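Examination of the molecular architecture
Now for the letters of each chain:
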Amino acid sequence: MITNLISSLILCFLYQDQVPYKPSEEFEIKIDYIFKERPSADRQTINFDQTDKEKKQIDAVGDMPYLRIELKVLTISESETRVRVINSDGNLVYNKKAAPGMLIKLDWGYGVILKTSRTK
């Protein structure tokens, strides 16, 4: 019984479809990674779901990394019908019908800088 379960799990992982990558000749991408001042947070509101670490990152002073991406779809194949962009949290960011020459502008915003210290 356990052997059947293990073998079926292995078969499930072996037969999963791979996501096909789009050839680089079919799109253009421009990445604008700049440093700019983050606007100050509203001191009149309190978010109880924030951790101390998140609060310190939001209250950070000085230039922070900021990311903008422009993706231009040059050509599409017959099997491509929609463009969907999903962030690392699984939330849908962009979902439109695919068309040749379409320009997708993604403003990812401020990055997270983690400061670590080493102890000897």
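The rules behind the values
- Residues numbered from 1 in each chain as written.
- Predicted model: local features only at pLDDT ≥ 70, side-chain atom pairs only at ≥ 80, totals over all residues.
- Heavy atoms only, no water.
- Pairing = 2+ DSSP bridges.
- Helix = DSSP H or I, 4+ residues; strand = E, 2+ residues; numbered from the N terminus.
- Axes fitted to C-alpha atoms, helices over the stretch in contact; angles between N-to-C directions.
- pLDDT = per-residue confidence, 0-100.
- Contact = heavy atoms within 4.5 Å.
- Salt bridge = Lys/Arg side-chain N within 4 Å of Asp/Glu carboxyl O.
- Buried < 20%, exposed > 50% of the residue type's maximum accessible area, 1.4 Å probe, protein only.
- Phe/Tyr/Trp six-rings, centres within 6.5 Å; stacked < 30°, edge-to-face > 60°.
- Lys NZ or Arg CZ within 6 Å of the ring centre and 35° of its normal.
- Patch = residues over 30% accessible without salt bridge, like charges linked within 9 Å, V, L, I, M, F, W, Y side chains within 5 Å.
- Areas by Shrake-Rupley, 256 points an atom, 1.4 Å probe, with all protein chains shown as cover.
- Lys, Arg positive; Asp, Glu negative; His and termini not counted.
- Charge placed at Lys NZ, Arg CZ, Asp CG, Glu CD.
- Core = buried A, V, L, I, M, F, W, Y, C linked by side-chain atoms within 4.5 Å.

1. Looking at the sheet that holds strand E5 (residues 103-110)
Pairing in this open sheet of three strands is antiparallel, and the strands run E1-E2-E5 from one edge to the other. Sheet topology places strand E1 (27-37) and E5 at the edges, where each strand pairs with a single neighbour. Strand after strand, the sheet turns through a mean of 15 degrees between neighbouring axes, direction not considered. Two elements, strand E2 (residues 63-73) and E5, share seven bridges in a ladder whose sense is antiparallel. Paired with Arg-68 across the bridge in E5 is Asp-107.

2. A short note on the confidence of the model for the chain
Per-residue confidence for the chain gives a mean pLDDT of 76, with 72% of residues at or over 70. At the level of individual helices and strands, the chain shows its lowest average pLDDT in helix H2 (residues 52-58), which scores 69, and its highest in strand E4 (residues 92-97), which scores 88. Overall, residues 112-120 carries pLDDT values under 50, and its contacts beyond four positions in sequence, including any with other chains, amount to five contacts.

3. Digging into the pattern of salt bridges
This model, assessed by the stated rule, comprises one salt bridge. Of the charged contacts, one joins Asp-32 and Arg-68 as a salt bridge, the two residues approaching to 3.5 Å between their closest N and O atoms. Residue Asp-32 is located in strand E1, and its partner Arg-68 is located in strand E2; the two are separated by 36 residues in the primary sequence. Here Arg-68 falls in the partly exposed class, since its relative accessible area comes to 33%.

4. A short note on the pairing of strand E3 (residues 82-86)
Of the two faces of E3, only the one carrying Val-83 and Val-85 is buried; Arg-82, Arg-84 and Ile-86 on the other face are not. Hairpin connection between E3 and E4: a loop of five residues separates the two successive antiparallel strands, and Gly-90 in this loop has a positive phi of roughly 90 degrees.

5. Describing the packing of aromatic side chains
Within this structure, the stated rule accounts for one aromatic pair. Residue placement shows Lys-36 over the ring face of Tyr-66; its charged tip is 4.0 Å from the ring centre.

6. Brief notes about a positive patch on the surface
Together, Arg-82, Arg-84, Lys-96 and Lys-97 make up a positively charged patch on the protein surface. Elements that contribute at least two residues to the positive patch include exactly E3 and E4. Examined against the element boundaries, Lys-96 turns out to sit in strand E4.

7. Digging into the pairing of E2
One face of the sheet, then the other: side chains in a regular strand alternate in exactly this way. Examined bridge by bridge, E1 and E2 share 11 bridges and lie antiparallel to one another. Opposite Phe-27, over in E2, you have Val-73 as the bridge partner.

8. Re the nonpolar core
Counting nine residues, the largest nonpolar core consists of Ile-69, Val-73, Val-83, Val-85, Tyr-94, Ala-98, Met-102, Ile-104 and Leu-106. Residue assignment for this core shows that the elements contributing at least two residues are E2, E3 and E5. Residues within four places of Val-83 in sequence aside, it is in contact with Tyr-94, Asn-95, Lys-96, Ala-98, Met-102 and Ile-104.

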